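Residues per chain, in single letters:
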Amino acid sequence: MSLTRVASVAPFSACFDSKPVISTRLGPAVPSIDLVLSGNVTWTVWGANSMVQAKEGVLCLGFVDGGLDPRTSVVIGGHQLEDNLLQFDIPRSKLGFSSSLLGRQTTCSNFKF
């Protein structure tokens, strides 16, 4: 897929023309991003969690550079976490995750526990 770069929209630096991008149940049809974690576990981030509609006709990669002296320890932001189930196992220092619930045709707001 070839996306046309457009002017950045703060705070995002990588922005693209959204007109040719189709929408799917996993968000904009853009390449997925695989985060490879310890133990060779992969967390796939789909378009719904990687792209932000910053203004009409503009999609931006929804990651912000924390800079050389970040103020917080958050590496993965709230947008990337939306509609992903997370399980924090504090005693074992482990994180469990579902990847996007959108692929299962549901969301966190209507997920039945």
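Scroll up a little and you will see the structure.
None of the values given here were measured: they were computed from a predicted structure.

Analysis parameters
- Within any chain, residue numbers begin from 1 and follow the written order of that chain's sequence.
- Given that the model is predicted, a residue must reach a pLDDT of at least 70 before its local features are reported, and side-chain atom pairs must reach 80 or more before they are shown or counted; all residues, however, enter totals for whole chains, interfaces and linings.
- Note: side-chain values were computed over all heavy atoms of the structure, leaving out hydrogens and water.
- By definition, two strands form a pair when at least two bridges between them are found by DSSP.
- Labels follow the DSSP assignment, with helices taken as runs of H or I lasting at least four residues and strands as runs of E lasting at least two, numbered in each case from the N terminus.
- Take a side-chain nitrogen of Lys or Arg and a carboxyl oxygen of Asp or Glu: if they are within 4 Å of each other, that pair is a salt bridge.
- The cut-offs for exposure are 20% and 50% of the maximum accessible area for each residue type, with area from a 1.4 Å probe on protein chains only; residues under the lower value are buried, those over the upper are exposed, and the others partly exposed.

Asker: So what about the sheet that holds strand 8 (residues 58–61)? Which residues, and what values?
Answerer: As a general point, the strands of a sheet are linked pairwise by backbone hydrogen bonds and lie either parallel or antiparallel. Taken together, the four strands give an open sheet; going across it, the order is 1-2-8-7, and neighbouring strands pair in antiparallel fashion. Whereas interior strands pair on both sides, the edge strands pair on one side only; in this sheet they are strand 1 (5–6) and strand 7 (51–55). Pairing analysis gives two bridges linking strand 1 to strand 2 (residues 15–17), with the strands arranged antiparallel. The residue of strand 2 that forms the bridge with Val-6 is Cys-15.

Asker: Which residues make up the pattern of salt bridges, and what are the values?
Answerer: For the structure on display, the rule yields two salt bridges. Among the salt bridges present, the one from Lys-19 reaches Asp-17, with a minimum N-O distance of 3.5 Å. With a relative accessible area of 70%, Lys-19 lands in the exposed category. Across the pair Asp-89 and Arg-92 runs a salt bridge, and its minimum N-O distance is 3.2 Å.

Asker: Describe the pairing of strand 10 (residues 94–100), with residues and values.
Answerer: With five bridges connecting them, strand 9 (residues 84–89) and strand 10 associate as antiparallel partners. Pairing of Leu-86 across the sheet is with Phe-97, part of strand 10. If you look at the hairpin formed by strand 9 and strand 10, you'll find four residues sitting between the two strands, and Ser-93 has a positive phi there, around 55 degrees.

Interpretation note: all reported values are geometric properties and have no functional meaning in isolation.
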